[in-house]
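Take a look at the letters that make up each chain.
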Amino acid sequence: MTEQRPVWQAKAPLLTVITVLLLTLCLAWFVQYFKIDASAETLLTKDNKLYIQSQILNQRFSPNEFILLAYEPKQHDVFSEASYKDIQSLSEKLKTLPRVRSVMHILNVPLLSQMNQLDPNLDPKEWTWQTKQYDDQTMRKIFDQHPIFTDLLVNQKMSATSIQIVFKSDAQLSRIESQIIELDKKRLSGSFTDQDEEKVEQLKAQADPIKQKLNKEREREIEQIYEYADSVKENANIYLGGSYVLGHQLINIIRADLKLFGSAIGLAICVMLFVLFRSWRWVIIPIVCCATSVIMTMGLFGIFDLRTTVISSNFIALQLILTLAICVHLIVQYRQLANDDPDATQEQLVSQTLRDKVKPCFYAGITTSVGFGSLIFSGIQPVVSFGWMMIIAMFVSICLSLIFLPALLCLFKRSQKAEPGKFSQQFLKWVSNRTLNNSGKVIGVFAVLTFVAVIGLFRLSVENSFLNYFAEDTKAHQELTFIDQQFGGSTPFDIIIDVPPEFRKKDLAISAKAVQQLQVAQTILEQYPASGNATSVINFTELAMKLNQGQPLTEYELTAIYRLVDDNLRESLIGSYFSEEHQQLRLSSRVKDSTEGFNRKEYLESIRADLKANGIEEDQYQLSNLFVLYQDILQRLFNSQILTLGIVYVALLLVMWILFKRLSVAVVALVPNVICTLIILATMGFANIPLDLMTITIAAIAMGIAVDDTIHFVHHYLHGDATPEFAVKKAYFSVGYAMLFTTLIICVGFALLSFSDFVPSVLFGLLTALAMIVALVTDLTLLPALLTRFISTAEAHKSSQQSSAN
């Protein structure tokens, strides 16, 4: 007869459940502060040299924040009354947006090429279509291969035009950012102090609410622009472009995927749980645990202001995997104990399940955290944040699975005897027999696979194209592609050239030699198919030459015009391309992401080599802006992966050595995990899936997934009380079921991501499913083969006894 328990002890599970649910409700309140930030800035490293230099240059040349609205007539010509009417209508509506500073289009830009001669006292407004009312043929002739407006306001084919919407900057935010840049300059000289760091953090804290408000306003503005565009959609196709439009599209698609595929994956997991366990309790309990863990984690992220970026957008899916894996292992163990001991009470079964599984579950969580912890060493802030987010998520999953699930289970009646399905029994029987009878061949096969995987690693490439983040039939992809191909590229890329001292003259704003050097650089840049619109002082000298009856201006004439024209006109025309104070020339361009076979690393290396070959040394120029920053991040991520994977392997070896008490066991347990990671990366190499800002984390994910099953299998094996073969057989028909069930559930659920319009989500789903399958195969074949060959029965007993003693 079972001993009567005290009342408080009998009510402990209910009190635990109530406490967890109350804590979940409290944390749910902070979910409202959980933020998705998909802006381009979130993908940049804020304290490295290249980023600081780019910020300094941006401040110096003050490029405007703008959105490009492309207008492609369906039936009429660009230069026609119907187009002019639509452009003017859109322009008037766009000007009503509070933050809009100016709206530039073919009807209101100064058409200086129509002047008979250069006039320093010109009024630009006198030379627009709105003032002169040029006929359609004249307008076509003006914009045909225009040195400034082609690829900016009119495409090469003159089949589409654009409206450039320029926005006002926030004065308060600009002041704060200027102060941050001034302090960051000290990092470059090595004089940055702890006090400076503290001041920077204070300034960032001041700037953050302003940025958050500004980002929300940008979202509203973009939605409003789309509404305005709908008014002319019958006459023309409308496309929006710009970095903030890209961020808006990313946020929308991430939110949509979280809702749609989060629900679909949840439903698929419910169905699979019911099919495999054939009981509603085994659906309700793990789903409640998974939902609670996600709510708690999102609440914690809201409290600590950990924001989801493009890189960490799949954290919910990952947490579902981690929580579900622990839950399934506990459920399978409980059901086996219930089958083996029909007289045990519910409390006894739950207690024994915890005693058997608390150590492997805890250590599996630790090792998984180590896998994600490798991301902290990447040195890339958004990836570092993702690492910390997953460590927090893992901590929540472990605590809930080992505390909440047992308490929840105690509220249910004792489970009746239930045998696993025939398919799973037959599958594990077949795998175990083949593996144990052919352990040498299994090891040989994986040795060959490892060799092939190493070859695949050398095929890995590092690329990042936001254009390829969206499925080809999506509006986002169509917009980005149109802007990229028809209006001179999409990713900003600048070359900043320092005018050499020998080219400078006191009485000149800019010398002929400096212009010639800039002309060389622009010619080099424009020869590459991936180079889109390129604008610099050269474009204005070409326009000036047209106005000067085809004769180039002398350096003295250029200086005279530069200093005679109105300050505002000078700033609007060339202020973003020449700094007289710092004697720097800016060659501004945009890279065409849609260029077929584009290799970004080779592109930059070729430009550097060509500049050097033409007498422009590396200390005379800087490559800057988003294109260079993204490429720098990718290269540093790729290089850091070698280091971080090495750190992870060593850390996992140490953790498993502590757990299993034998170095030989730890080494054997590590091998399948290393091979799993290699196979996933090799598959990417052979499939030409590049490592980018999204897929770069897959190695850590694969490691985190694979190590869980390994620890459970080895832990059960070491507690065997007979020959290694018999111990392996027992592991197969205990934790093997949990491993098989977890893999089936997650693979079916995450295969649904292949229907997403967001390509990184598709790759994440497929690669995660592949990682699960590879982890299952290695742990059910290679791991048992290695254990039976290299870990003797005596070692197994010794490890088991030492582990139990501790």
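In this text the structure is predicted, and so the values were computed from the model without any measurement. (Residues numbered from 1 in each chain as written. Predicted model: local features only at pLDDT ≥ 70, side-chain atom pairs only at ≥ 80, totals over all residues. Heavy atoms only, no water.)

### Focus on the pattern of salt bridges
We count it as follows: The rule for a salt bridge is simple: a side-chain nitrogen of Lys or Arg has to be within 4 Å of a carboxyl oxygen of Asp or Glu. A run of H or I in DSSP counts as a helix once it spans at least four residues, and a run of E counts as a strand once it spans at least two, with each numbered from the N terminus. Buried residues are those whose accessible area, probed at 1.4 Å on protein chains only, stays under 20% of the maximum for their type, while exposed residues exceed 50% and partly exposed ones sit between those limits.
Summed over the entire model, instances satisfying the criterion amount to 16 salt bridges. In this structure, Arg-187 engages Glu-197 in a salt bridge whose closest nitrogen and oxygen atoms are separated by 3.4 Å. Taken together, the residues span a long stretch of sequence, with Arg-187 in helix α7 (residues 171-189) and Glu-197 in helix α8 (residues 194-230) at a distance of 10 residues. Judged by relative accessible area, Glu-197 falls into the partly exposed class, the value being 30%. Between Arg-586 and Asp-494 there is a salt bridge, and its shortest N-O distance comes to 3.0 Å. Taken together, the residues span a long stretch of sequence, with Arg-586 in strand β8 (residues 584-591) and Asp-494 in strand β5 (residues 491-498) at a distance of 92 residues. Of the two residues examined, Arg-586 and Asp-494, each falls in the buried class. Salt bridges linked by common partners bring Lys-35, Asp-208, Asp-305 and Arg-307 together as one network.

### Brief notes about the nonpolar core
Quick reminder of the rule: Among buried residues, those of type Ala, Val, Leu, Ile, Met, Phe, Trp, Tyr and Cys that are joined through side-chain atoms within 4.5 Å constitute a nonpolar core.
Ranked by size, the top nonpolar core spans 160 residues in total, and within it Phe-277, Phe-315, Phe-470, Phe-660 and Phe-713 carry the most contacts. Counting 85 residues, the second-largest nonpolar core is a separate cluster that includes Val-78, Ile-163, Ile-238 and Ile-538.

### Focus: the packing of helix α12 (residues 346-373) against helix α24 (residues 698-718)
Under the convention used in this document: All axes are obtained by fitting lines to C-alpha atoms, using only the stretch in contact for helices, and the reported angles, taken between N-to-C directions, cover 0 to 180 degrees. Each angle is binned into one of four classes, with values under 35 degrees roughly parallel, values over 145 roughly antiparallel, values of 65 to 115 roughly perpendicular, and all other values oblique. Whether a crossing is left-handed or right-handed is set by the direction in which the near helix is turned from the far one by less than a right angle, anticlockwise for left-handed and clockwise for right-handed. In this analysis, two residues are considered to be in contact whenever any of their non-hydrogen atoms come within 4.5 Å of each other.
Running from N to C, α12 and α24 point in directions that differ by 160 degrees, and their axes come no closer than 8 Å. One finds that α12 runs roughly antiparallel with respect to α24. Considering the relative orientation of α12 and α24, their crossing is right-handed. Judged by residue contacts, Asp-356, Lys-357, Lys-359, Pro-360, Cys-361, Tyr-363, Ala-364, Thr-367, Thr-368, Gly-371 and Phe-372 of α12 engage Ala-700, Ile-701, Met-703, Gly-704, Val-707, Asp-708, Ile-711, His-712 and His-715 from α24.

### Section: the sheet that holds strand β1 (residues 66-73)
Our working rule: Strand pairing is defined by DSSP finding a minimum of two bridges between the two strands.
Strands sit in the order β2-β3-β1-β4 across an open sheet of four strands; the sheet is antiparallel. Looking at which strands have only one partner, the edges of the open sheet turn out to be β2 (100-104) and β4 (236-241). Shown here is a sheet whose adjacent strand axes are inclined to one another by a mean of 20 degrees, direction ignored. Bridge count for β1 against strand β3 (residues 161-167) is six bridges, and the pairing is antiparallel. The residue of β3 that forms the bridge with Tyr-71 is Thr-161.

### Some remarks on the packing of aromatic side chains
Applicable threshold: Paired rings are identified among Phe, Tyr and Trp, the last through its six-membered ring, by centres lying within 6.5 Å, and are further divided according to the angle between planes into stacked (under 30 degrees), edge-to-face (over 60) and tilted (the rest). Remark: a charge is flagged as sitting over a ring if the NZ atom of Lys or the CZ atom of Arg is within 6 Å of the ring centre and within 35 degrees of the ring normal.
One pass over the structure, following the stated rule, counts 26 aromatic pairs. Between Phe-143 and Phe-149, the aromatic rings sit 5.9 Å apart at their centres with planes inclined by 40 degrees, giving tilted as the arrangement. In this structure, Phe-143 and Phe-149 share a single accessibility class: buried. Seen in terms of ring centroids, Phe-362 and Tyr-363 are 5.7 Å apart; in terms of plane orientation they differ by 85 degrees. Their pairing is edge-to-face. Given the relative accessible area of 39%, Phe-362 is considered partly exposed. One aromatic cluster is present, formed by Phe-493, Tyr-528, Phe-598, Tyr-603 and Phe-627 through successive ring pairs. The ring of Phe-192 carries the charged tip of Arg-187 above its face, separated from the ring centre by 3.9 Å. Between Arg-218 and the ring centre of Tyr-244, over which it is positioned, the NZ or CZ distance is 3.8 Å.

### Side note on helix α23 (residues 663-686)
Heads up, the condition is: A helix is expected to span 1.5 Å multiplied by its residue count minus one.
The end-to-end C-alpha distance of α23 is 34 Å, a good match for the 34 Å that 24 residues give at a rise of 1.5 Å each. Of all 24 residues that make up α23, 18 are buried, and the element is covered over most of its length. At the C-terminal side of α23, Asn-688 shows a positive phi close to 60 degrees.

### Considering the environment of Arg-636
With respect to the helices, strands and loops of the structure, Arg-636 is situated in helix α22 (residues 626-660). Arg-636 gets classed as partly exposed once you look at its relative accessible area, which sits at 27%. Residues Arg-636 and Ala-512 lie 124 residues apart in sequence; the distance between their C-alpha atoms is 39 Å.

### Notes on α8
The cut-off we apply is this: A residue's bend is given by the angle between axes fitted to the 7 residues ending at it and the 7 residues starting at it.
Taking 1.5 Å as the rise per residue, α8 with 37 residues should run 54 Å; its terminal C-alpha atoms sit 53 Å apart, in good agreement. Taking the largest bend as the criterion, α8 deviates by roughly 30 degrees, centred on Ala-207, and proline Pro-209 comes between one and four positions later.

### Focus: the side chain of Asp-494
Stated formally: Here a polar contact means two N or O atoms within 3.5 Å. Within protein one must be a hydrogen donor candidate and the other an acceptor candidate, and residues neighboring in sequence count only if both atoms are side-chain atoms.
Owing to a relative accessible area of 2%, Asp-494 belongs among the buried residues under this scheme. At a separation of 3.0 Å, a polar atom in the side chain of Asp-494 contacts the side chain of Arg-586. The residues contacting Asp-494, other than those within four sequence positions of it, are Arg-586, Leu-587, Ser-588, Ser-589, Gln-622, Leu-623, Ser-624 and Asn-625.

### Quick word on the side chain of Asn-533
Structurally, Asn-533 is set in strand β6 (residues 531-535). A polar side-chain atom of Asn-533 sits 3.3 Å from the main-chain carbonyl oxygen of Thr-150. Within polar-contact distance, the side chain of Asn-533 engages the side chain of Thr-535 at 3.0 Å. Ignoring any residue separated from it by four or fewer positions in sequence, one finds Asn-533 in contact with Thr-150, Asp-151, Leu-152, Gly-488, Ser-588, Ser-589 and Arg-590.

### Description of the environment of Thr-742
Relative to the assigned elements, Thr-742 resides in helix α26 (residues 735-751). Separated by 30 residues in the primary sequence, Thr-742 and Met-772 place their C-alpha atoms 8.7 Å from one another. Among all residues touching Thr-742, those that are not within four sequence positions of it are Ala-325, Val-328 and Met-772.

### Here we look at the confidence of the model for the chain
Residues shown with low pLDDT carry predicted positions that ought not to be read at fine detail. Applicable threshold: As a per-residue measure, pLDDT reflects the predictor's confidence and takes values from 0 up to 100.
Across the chain, the average pLDDT comes to 86, with 92% of residues at 70 or higher. In the model of the chain, helix α1 (residues 7-10) stands out as the element of lowest mean pLDDT, 45, in contrast to helix α4 (residues 81-94), which has the highest, 96. Counting contacts from residues 1-9, a segment whose pLDDT is below 50, to residues more than four positions away or on other chains yields three contacts.

### Side note on the packing of helix α14 (residues 422-437) against helix α27 (residues 759-790)
This is how it is decided: Residues are grouped as follows: Ala, Val, Leu, Ile, Met, Phe, Trp, Tyr, Cys and Pro are nonpolar; Asp, Glu, Lys and Arg are charged; every other residue, Gly included, is polar.
The interhelical angle for the contact between α14 and α27, taken along N-to-C directions, is 45 degrees, at an axis separation of 9 Å. In this view, α14 runs oblique relative to α27, as classed from their interaxial angle. Considering how the two elements wind past one another, α14 and α27 form a crossing that is right-handed. Between α14 and α27, the residues in contact are Phe-427, Leu-428, Val-431, Thr-435 and Leu-436 and Leu-780, Thr-781, Pro-784, Ala-785 and Thr-788, respectively. Residues belonging to the contact of α14 with α27 are distributed by class as follows: seven nonpolar, three polar and no charged.

### What to know about unusual backbone geometry
Most peptide bonds adopt trans geometry, and most residues besides glycine take a negative phi value. Located in the positive-phi region is Arg-278, a residue other than glycine, with phi close to 55 degrees. Its place among the elements puts Arg-278 in the loop between α9 (243-277) and α10 (281-304). Looking at Arg-278, the relative accessible area reads 46%, which means it is partly exposed. Phi is positive for Asn-688, which is not a glycine, with a value near 60 degrees.

### Here we look at the state of the cysteines
Rules: Sulfur atoms of two cysteines make up a disulfide when they are within 2.5 Å.
Summed over all chains, the structure comprises zero disulfides. Free of any disulfide, Cys-290 has its nearest cysteine sulfur in Cys-327, 5.3 Å distant. Exposure remark for Cys-290: the relative accessible area of 4% places this residue in the buried category. Cys-399 takes part in no disulfide bond, and the closest cysteine sulfur to it belongs to Cys-361, at a distance of 12 Å. With a relative accessible area of 29%, Cys-399 lands in the partly exposed category.

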